[in-house]
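Listed below, chain by chain, are the residues.
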Amino acid sequence: MEKLAIFGGKPARDKAISYGRQCIEQDDIEAVVDTLKSDYLTCGPKINELENKLCEVTGAKYAVAVSSGTAALHIAAMAAGFGEGDEVIVSSITFAASSNCVLYCGAKPVFADIRHDTYNIEPASIRSLITPKTKGVIAVDFTGQAVESDEIRAICREYGLIFIEDAAHAIGTKYRGQPVGSIADMTCFSFHPVKTVTAGEGGAVTTNDEKTYRRLLRLRSHGITRHQDEMVHPSDAGWYNEQVELGYNYRMTDIQAALLISQLGKLDRFSGRRHQIVQMYDEAFSNIPEIIVQKEIPESDTTRHLYILCLNTERLSCDRRQFFDAMTAENVCPQVHYLPVYMHSYYEKLGYVKGSCPNAEKYYNESMSLPLYYSMTDKDVEDVICAVKKVVDYYKIKD
Ligand SMILES: *Cc1c(COP(=O)(O)O)cnc(C)c1O
């Protein structure tokens, strides 16, 4: 057996590889430079062009570009009308922003458990948490795999709830052939550099409802409107605009929009390569009983953002921490996505307690994300596989 790097052996690769990184090409750079030389740095033509492109990619009627995925979630939660006294059911395995947006509105996030095999929100768990105070559901397409939208939509229809899809991982994913972004009442995207396509920082909300769209536009820019039918004191004076509610400055710049338009043109290529890498991993790991790979539902045609490796702890003599540290020493740096949101100390202070979502907590204790991004070479992928096999071999319990 090969000596692990953590015990002084030679690492699986010389240069460290991280779990994700952006891919910026020459034409992306030129698109940004062209915009820097143009008349508009913000609120200009690139925002319209981007929003049209997002409608094309997602099949949604309307898209509102904003400064981050978190801003997208915030204005979506506001447009949903979440407020004091309301409860909103949220995936427990997600980035904190998915539920922070509920807190921003003064409402209470209630955490639903995940399915043990797909790691996505469990529709039966949503149903079990509904009370007269429940106003909505925020379901996360974890790793890019679509949530079970038919089931979630049916629950939302039955109880009159707003369905917000957090698709920060899922640009390019389809559910039953329909692009994510045109399925829920509102869908939120993030274009942070670690996501499949990037604006540096950026986000968007898509919707098919015109009234919601107009509200989102207003909330993006201070709650100020130029539409007379939205004003309390309508006026057609050329200078007149009116703040009708409290909004924010969540605008995206044209510089960011130019970058994102260029990146969206590469979505199929980026997505295809991610798919290839996922297949290489799946194939390599399928006959290793010490590790478990994420189950895919046939309804989701997934553009994968994360590749999750779960440890079969019954067959390994190490815990997740030891496995993670051994991988890092091999120069293959995994990450963990995510701590169940309610276990963050801030949420503990709000009164949330451990134990409420057993599948989420088990998943958290056994999982890690392997490197997955467009510009990984086949050699990079082989190095990752080699490191996983090396660490498994070392720690596996011999029959
Ligand atoms: C990245 C991410 C966000 C937040 O997006 P930002 O653009 O970083 O604000 C929200 N939800 C999920 C699931 C994410 O992965």
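Shown above is the structure to which this text applies.
All of the points below concern the structure found in this document.

Cut-offs used in this document
Residues numbered from 1 in each chain as written. Predicted model: local features only at pLDDT ≥ 70, side-chain atom pairs only at ≥ 80, totals over all residues. Heavy atoms only, no water. Near = heavy atom within 4 Å. Polar contact = N/O pair within 3.5 Å; in protein donor to acceptor, adjacent residues only side chain to side chain. Areas by Shrake-Rupley, 256 points an atom, 1.4 Å probe, with all protein chains shown as cover. Helix = DSSP H or I, 4+ residues; strand = E, 2+ residues; numbered from the N terminus. Nonpolar A, V, L, I, M, F, W, Y, C, P; charged D, E, K, R; others polar. Salt bridge = Lys/Arg side-chain N within 4 Å of Asp/Glu carboxyl O. Buried < 20%, exposed > 50% of the residue type's maximum accessible area, 1.4 Å probe, protein only. Contact = heavy atoms within 4.5 Å.

**Examining the site of the ligand**
Piece 1. Looking at the ligand, there are 16 residues lining it, with Gly69, Thr70, Asp166, Ser190 and Lys195 nearest.
Piece 2. Take His169: an N or O atom from its side chain is 2.8 Å from an oxygen atom of the ligand.
Piece 3. In the model, an oxygen atom of the ligand is placed 3.1 Å from a nitrogen or oxygen of the Lys195 side chain.
Piece 4. The protein chains hide 92% of the 380 Å² of surface that the ligand would expose on its own.
Piece 5. Counting residues per element, the ones that place at least two in the shell around the ligand are helix H3 (69-79) and helix H4 (97-104).
Piece 6. In terms of residue count, the dominant contributor to the shell around the ligand is H3 (three residues).
Piece 7. Residue composition of the shell around the ligand, grouped by class: six nonpolar, eight polar and two charged.

**Focus on the pattern of salt bridges**
Proximity of charged atoms lets side chains of opposite charge pair with each other.
Piece 1. Applying the stated criterion to the full structure yields 33 salt bridges.
Piece 2. Across the pair Lys10 and Asp14 runs a salt bridge whose closest N-O atoms are separated by 4.0 Å.
Piece 3. Overall, Asp14 belongs to the exposed group, its relative accessible area being 68%.
Piece 4. Taken together, the salt bridges that share partners define one network made up of Glu210, Arg214, Arg215, Arg218, Asp229, Glu230 and Glu245.

**Some thoughts on the environment of Ala139**
Piece 1. Inspection of the secondary structure assignment puts Ala139 in strand S4 (residues 134-140).
Piece 2. A sequence separation of 83 residues divides Ala139 from His222, and the C-alpha atoms of the two residues are 27 Å apart.
Piece 3. The contacts of Ala139, once residues within four sequence positions are left out, are Ser91, Ile121, Val147, Ile152, Phe163, Ile164, Glu165 and Asp166.

**Examining the environment of Glu122**
Piece 1. Position of Glu122 among the secondary structure elements: in the loop between strand S3 (108-112) and helix H5 (123-129).
Piece 2. For Glu122, a relative accessible area of 26% translates into the label partly exposed.
Piece 3. Not counting chain neighbours up to four residues away, the residues in contact with Glu122 comprise Asp113, Ile114 and Arg115.

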